[in-house]
Structures are given as structure tokens and as C-alpha cells.
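Here is how the chains run, residue by residue.
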Amino acid sequence: MSETKGMAISMKKNSGLIKIVATLCVIGLVFFLLNAFGLTDKLTDVKTMQAWFQSLGIWGYLAYILVYIVVAVFMLPASALTIIGGIAFGSIAGGLLSVTGATIGGTVAFIIARYVARDTILEKFCSNPIFKKIEEGAAKNGTNFLILTRLVPLFPYNVQNYAYGVTSINVFTFALVSFITMTPGSFIYAFLAGEIATNGFSIVLLVQFTIAGIVLFFISLIPNYFAKKKGIDI
């Protein structure tokens, strides 16, 4: 009996090691490709990224989503990419592409945390207070807490993706809630960026900024109202 138990533990350790090694290999390969194509520097250069996406024509849409996946998986700044989307593709298309890329990228990170590198993620973020808060909140409140954290700016997009991967929330719920809750912000930022790139600064733009600010203000009130109604401590 003890021998069987020992073999099971050994197999579990080997399986975990294989997953970690596989994850590291994939990460190394992606970074190698990013460097080979000069994308590492481009990710932080708005003008270069804009020109690159536009030069790809219709394939630029797919490239943008793939870059968003890389940003989500490697926890790079995502807000700048949303703005780039609005500038490169216009207000509507940029908003749709950014929320699609953010949802798919977040879901990929979620899947990595759940099925590929769970132990590594837990070890890496075990002392992160936001990570702990999400774990505890999801355990107590489930999907309601996911809705709140996606709406509250205090909870970083990249940390959430991995944090929810180690909770009991299923991947479909995570993807759907993420898409719905991230849509307003994505479209507002992409719209304003697209308007600035197309029409420059004007009185009309100031009015649009004011309206966008009011909308974002009311959106920011939703989490507090929702939390109080559901009795959730955020």
C-alpha cells in the first residue's frame, strides 16, 4: 500500500516537473521569436506598433489579437495596447479587437494557471495580497466576485487572469464575464484614442472626453453598489 502511495506521489511530482519544464520552454520560445522579429521593443513603442499593424492589412487584426495574448500571458502593460488598437484600427474596430484580445489573452493565462503551471503560479503569487483576496473572494462569492474585480481598477487585469485559474470558477464563465465587464472600458479608451488620431483635439473631443468621464464614473460606482447588495467585502 505504501509502495503504491509512494509511486503515486512520485508520478505526481514528475508530472508537475514536466509541466514546469514545458511551460519554461514555451516561454523561452516565445521570447526568442519576439526578439527575432523585433517585437519586444515594438510592444512598448506606440508609433511603431501602430505602423506595424496598419502595414499588415487585414492580417493586422489577427496580429493585434495575438500580441494581446502575449501581453496577457507575460503580464505586460495592457492599457497601452488598447489605446494602440483605437489609433491603428479606429474607434469601433479598435474597441472590438481590444476586448476580444483581452478576453482571449486572459483566458489563455487562466488555462495556463489551471492546467499547465498551477503549482508554479501558486508559489509565485502566494504572498501577493491581491492574489489572496481574489482566491478568498472567489471561494466565498464565486462569479459575483469575478464581476466585481473585473470592474474595479484596484485589481490588475494580468493578476486576475492567473488568480482565477486556481479557483473553482470554470473557464467559460471566466471568459464570458471578462468579455462583458471589460467591453465598456475597452470601447471608451479605443474610441477616444481613435478620435484623437483621426480628428485631433477640438471642442467636440472635449465634449466626448467629458461624456466618457461621466460614463466611467458611473461604471466605477457599480462595484460598490453591487458589493453592498451582495454583502461582499472588496
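Coordinates for the structure precede this section.
Residues numbered from 1 in each chain as written. Predicted model: local features only at pLDDT ≥ 70, side-chain atom pairs only at ≥ 80, totals over all residues. Heavy atoms only, no water.

(A) Focus on the overall build of the chain. Counting its regular elements, the chain contains 12 helices and 0 strands. Listed N to C, the secondary structure of the chain is α-α-α-α-α-α-α-α-α-α-α-α in terms of helices and strands. Residues counted as buried form 41% of the 234 residues belonging to the chain. Contacts in the chain between residues at least 24 apart in sequence constitute 74% of all its contacts with a sequence separation of at least 6. When the accessible area of the chain is evaluated, it comes to approximately 13200 Å², of which 71% is carbon and sulfur surface. (Helix = DSSP H or I, 4+ residues; strand = E, 2+ residues; numbered from the N terminus. Buried < 20%, exposed > 50% of the residue type's maximum accessible area, 1.4 Å probe, protein only. Contact = heavy atoms within 4.5 Å. Areas by Shrake-Rupley, 256 points an atom, 1.4 Å probe, with all protein chains shown as cover.)

(B) Molecular detail of a nonpolar patch on the surface. Judged by side-chain polarity, Leu56, Ile58, Trp59, Tyr61, Leu62 and Leu66 come together as a nonpolar surface patch covering roughly 640 Å² of accessible area. Along the chain, leucine 56 falls in the loop between helix 3 (46-55) and helix 4 (59-73). Its relative accessible area of 30% is what places leucine 56 among the partly exposed residues. (Patch = residues over 30% accessible without salt bridge, like charges linked within 9 Å, V, L, I, M, F, W, Y side chains within 5 Å. Salt bridge = Lys/Arg side-chain N within 4 Å of Asp/Glu carboxyl O.)

(C) Quick look at helix 4. For helix 4, with 15 residues, the first-to-last C-alpha span of 21 Å sits near the 21 Å given by 1.5 Å per residue. The positive-phi residue at the C-terminal boundary of helix 4 is methionine 75, with phi of around 55°. (Expected span 1.5 Å × (residues − 1).)

(D) Seen up close, the packing of helix 4 against helix 6 (residues 91-116). Axis separation between helix 4 and helix 6 bottoms out at 8 Å; the angle between their running directions is 40°. Between helix 4 and helix 6, the crossing angle belongs to the class labelled oblique. As for the relative orientation of helix 4 and helix 6, their crossing is right-handed in sense. When helix 4 is examined against helix 6, the residues Tyr61, Tyr64, Ile65, Tyr68, Ile69, Ala72 and Val73 are found in contact with a partner set consisting of Leu97, Ser98, Thr100, Gly101, Ala102, Ile104, Gly105, Gly106, Val108, Ala109 and Ile112. Residues of the contact of helix 4 with helix 6, tallied by class, amount to 13 nonpolar, 5 polar and no charged. (Axes fitted to C-alpha atoms, helices over the stretch in contact; angles between N-to-C directions. Parallel < 35°, antiparallel > 145°, perpendicular 65-115°, else oblique. Left-handed = near helix turned anticlockwise from the far one by under 90°. Nonpolar A, V, L, I, M, F, W, Y, C, P; charged D, E, K, R; others polar.)

(E) Region of the structure containing the environment of tyrosine 64. Checked against the element boundaries, tyrosine 64 lands in helix 4. The spacing of tyrosine 64 and alanine 88 is 24 residues in sequence and 9.8 Å in space, taken between C-alpha atoms. Other than its neighbours up to four places away in sequence, tyrosine 64 contacts Phe53, Leu81, Thr82, Gly85, Phe89, Leu97 and Ser98.

(F) Summary view of the side chain of threonine 181. In this fold, threonine 181 is placed in helix 11 (residues 171-199). Within polar-contact distance, the side chain of threonine 181 engages the backbone oxygen of valine 177 at 2.7 Å. Within the local environment of threonine 181, its side chain forms a polar contact with the backbone oxygen of serine 178, the two atoms lying 3.4 Å apart. Not counting chain neighbours up to four residues away, the residues in contact with threonine 181 comprise Ile147, Arg150 and Leu151. (Polar contact = N/O pair within 3.5 Å; in protein donor to acceptor, adjacent residues only side chain to side chain.)

(G) Examining the nonpolar core more closely. Residues Phe53, Leu81, Tyr162 and Tyr164 are the most contacted members of the largest nonpolar core, which totals 46 residues. Element by element, the count of residues in this core is highest for helix 4, at 10 residues. (Core = buried A, V, L, I, M, F, W, Y, C linked by side-chain atoms within 4.5 Å.)

(H) Molecular detail of unusual backbone geometry. Despite not being glycine, methionine 75 shows a phi value in the positive range, around 55°. When you line up the elements, methionine 75 lands in the loop between helix 4 and helix 5 (79-89).

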